[in-house]
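Tertiary structure, described
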Amino acid sequence: MTVDPRVMEPETCDASHPTYAAMLEVGRAQKTIFVARYLRLRDLQREIEEGLNVMESSNGANSVIAYGKGGEIASNRRDEQEMFVLCLRIVQSALVYVNTIII
């Protein structure tokens with residue numbers, strides 16, 4: 001059995017291809033099921049809200065840690081951007097560790 005190469009590369013996939021259309025429908029169904037669960041389950045809403053709050057706190061900490069140029073990555077070079085993000089993660093992990101020890 002051979003696989004149509006258009007299915008393997010979504011950016012070049014023909015929207016009229018039946019497999020692509022089926023994948024879109026499955027995605028819509030999954031999204032609808034998730035939204036229905038979200039609206040029905042208060043615990044799920046709380047869990048998602050807590051996760052969003054954690055990310056907002058993390059983003060706020062990033063702006064404090066990376067204060068130069070408004071916290072933006074100053075370089076256009078991919079390797080320097082990756083190094084910046086990795087260093088930022090190390091500093092974040094160190095802060096979490098210190099906060100855990102203090103608390």
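Residues numbered from 1 in each chain as written. Predicted model: local features only at pLDDT ≥ 70, side-chain atom pairs only at ≥ 80, totals over all residues. Heavy atoms only, no water.

What follows covers the overall build of the chain. When you go through the chain residue by residue, the secondary structure sums to 4 helices and 0 strands. Ordering the α and β elements of the chain from the N terminus gives α-α-α-α. The burial tally for the chain puts 8% of its 103 residues in the buried class. If you take every contact in the chain between residues at least 6 apart in sequence, the share linking residues at least 24 apart comes to 20%. As displayed, the chain offers around 8900 Å² of accessible surface, 61% of which is attributable to carbon and sulfur atoms. (Helix = DSSP H or I, 4+ residues; strand = E, 2+ residues; numbered from the N terminus. Buried < 20%, exposed > 50% of the residue type's maximum accessible area, 1.4 Å probe, protein only. Contact = heavy atoms within 4.5 Å. Areas by Shrake-Rupley, 256 points an atom, 1.4 Å probe, with all protein chains shown as cover.)

Summing up the model confidence of the chain, the mean pLDDT is 79 and the portion of residues at 70 or higher is 78%. Taking the mean pLDDT of every element in the chain, the minimum, 53, falls on helix α1 (residues 5-8) and the maximum, 92, on helix α2 (residues 18-40). (pLDDT = per-residue confidence, 0-100.)

Taken as a whole and judged by the stated rule, the model has 5 salt bridges. Note that R77 and D79 form a salt bridge whose closest N and O atoms lie 2.8 Å from each other. The class of D79 is partly exposed, set by a relative accessible area of 42%. E80 is the partner of R77 in a salt bridge, and the nearest nitrogen-oxygen pair spans 3.0 Å. Its relative accessible area of 46% is what places R77 among the partly exposed residues. A single salt-bridge network, built from bridges that share partners, covers R77, D79 and E80. (Salt bridge = Lys/Arg side-chain N within 4 Å of Asp/Glu carboxyl O.)

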